[in-house]
Amino acid sequence: DSSNNFSLLIGSWLLGTVNMAALFIFLSYIPLFATKNMNLVPTQIGLLIFIQGISYILLTIFIGKIADMIGKLKVSIIGTLMTLIVFSIFYFSNNILDLMLGSMMFGVTSALILPPTMALAGESMSNKGKAMGIYLTSYDIGTFIGPITAGATSAIFGIRFAFLAIIPLILI
């Protein structure tokens, strides 16, 4: 049924958008937050970004297999909800170990979201190229929704609150 397929594509697109918004909040505000609140140096900040990336890379194939077994949408929704926990860790962080834990967990949540949603998008239409083109716009939209939402939130409430900007995006 084409309406179910389109719904699947839109659902995966929304989950992809939220994850990319979260990623770009992370990439934009972890360096600012860590420098301002914890006096971390560039190598420590680079380590935080590395931890997120490597945990994502190491888990994508494994989580892809799990998503094939138990359901791609279910795995993606779990990852999206876990993002709330991760960004709460960032919000409450007081030291580099807290940020390292959050960075590692954010890599896990990204692995729970991106590969399964990409697979769902590919399965949603017979024209795979068109489906992937539509899905990948979620990345582009997330790259500007995340930082602008976090920027407005931090301008009003302070930099720590930038991490809470993802909450309304997830709950929508």
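Cut-offs used in this document
- Residues numbered from 1 in each chain as written.
- Predicted model: local features only at pLDDT ≥ 70, side-chain atom pairs only at ≥ 80, totals over all residues.
- Heavy atoms only, no water.
- Core = buried A, V, L, I, M, F, W, Y, C linked by side-chain atoms within 4.5 Å.
- Buried < 20%, exposed > 50% of the residue type's maximum accessible area, 1.4 Å probe, protein only.
- Helix = DSSP H or I, 4+ residues; strand = E, 2+ residues; numbered from the N terminus.
- Contact = heavy atoms within 4.5 Å.
- Salt bridge = Lys/Arg side-chain N within 4 Å of Asp/Glu carboxyl O.
- Phe/Tyr/Trp six-rings, centres within 6.5 Å; stacked < 30°, edge-to-face > 60°.
- Axes fitted to C-alpha atoms, helices over the stretch in contact; angles between N-to-C directions.
- Left-handed = near helix turned anticlockwise from the far one by under 90°.
- Expected span 1.5 Å × (residues − 1).
- Patch = residues over 30% accessible without salt bridge, like charges linked within 9 Å, V, L, I, M, F, W, Y side chains within 5 Å.
- Areas by Shrake-Rupley, 256 points an atom, 1.4 Å probe, with all protein chains shown as cover.

*Asks:* Any chance you could explain the nonpolar core here in plain terms?
*Replies:* Here is a general trend for soluble globular proteins: nonpolar side chains tend to be buried in one another's company. Ranked by internal contacts, the top residues of the largest apolar core, which has 37 residues, are I25, F87, F90, L99, F106, F163 and I166. Residue contributions to this core peak at 13 residues, all from helix 1 (residues 2-38). In contact with F87, not counting residues within four places along its chain, are A22, I25, F26, F106, F163 and I166. Counting residues in each nonpolar core, the second largest holds five residues, with I63, A67, A111 and L112 among its members.

*Asks:* Would you mind going over the pattern of salt bridges with me for this structure?
*Replies:* For side chains bearing opposite charge, pairing can occur when the charged atoms are close. The tally for this structure, following the rule as stated, stands at two salt bridges. Among the salt bridges present, the one from D68 reaches K72, with a minimum N-O distance of 3.2 Å. Since its relative accessible area comes to 54%, D68 is described here as exposed. A salt bridge links K72 to E123, with the nearest nitrogen and oxygen atoms 3.1 Å apart. A residue pair is termed long-range when its members are at least 10 positions apart, and K72 in helix 3 (residues 72-92) and E123 in helix 4 (residues 96-123) qualify at 51 residues. For K72, a relative accessible area of 14% puts it in the buried group. Residue class for E123 comes out partly exposed when judged on its relative accessible area of 45%. When salt bridges that share partners are traced, they join D68, K72 and E123 into one network.

*Asks:* What is the right way to read the packing of aromatic side chains from this model?
*Replies:* Between two aromatic rings, the relevant description is the distance of the centres plus the angle of the planes. Tallying each qualifying case throughout the model produces eleven aromatic pairs. Ring geometry for F33 and F163: centres 5.3 Å apart, planes at 85°, overall edge-to-face. Residue F33 is found in helix 1, and its partner F163 is found in the loop between helix 5 (128-157) and helix 6 (166-171); the two are separated by 130 residues along the sequence. Residues F33 and F163 agree in their burial class; the two are buried.

*Asks:* Help me understand the side chain of N19, please; the structure alone is not making it clear to me.
*Replies:* Secondary-structure assignment places N19 in helix 1. Owing to a relative accessible area of 2%, N19 belongs among the buried residues under this scheme. The contact partners of N19, leaving out residues within four places of it in the chain, are F106, T109, S110, I113 and L114.

*Asks:* Please clarify how the packing of helix 2 (residues 42-70) against helix 4 should be interpreted in this entry.
*Replies:* The description of two helices packed together rests on the angle between their axes and the distance between the axes. Look at helix 2 against helix 4: their axes get within 7 Å of each other, and the N-to-C directions meet at 35°. Relative to helix 4, helix 2 is oriented so that their crossing is right-handed.

*Asks:* Help me out: how do you make sense of helix 3 in this one?
*Replies:* Structurally, the α-helix is built with 3.6 residues per turn, so residues lying three or four positions apart point the same way. With 21 residues, helix 3 extends 31 Å between its outermost C-alpha atoms, agreeing within 8% with the 30 Å of an ideal straight helix rising 1.5 Å per residue. Burial in helix 3 covers these residues: K72, V75, S76, G79, T80, T83, V86, F87, I89, F90 and Y91.

*Asks:* Would you explain the environment of Y91 in this entry?
*Replies:* With respect to the helices, strands and loops of the structure, Y91 is situated in helix 3. For Y91, the residues in contact, after removing those within four places along its chain, are R160, F161, F163 and L164.

*Asks:* Sorry, what's going on with the side chain of T83 here?
*Replies:* Here T83 is to be found in helix 3. Judged by relative accessible area, which is 2%, T83 ranks as buried. Beyond its immediate stretch of four places on either side in the chain, T83 contacts A22, F106, T109, I113, I166 and I170.

*Asks:* Which parts of the structure should I look at to understand a nonpolar patch on the surface?
*Replies:* Residues L47, F50, I54, I57 and L58 make up a contiguous nonpolar surface patch of about 490 Å² in total accessible area. Checked against the element boundaries, L47 lands in helix 2.

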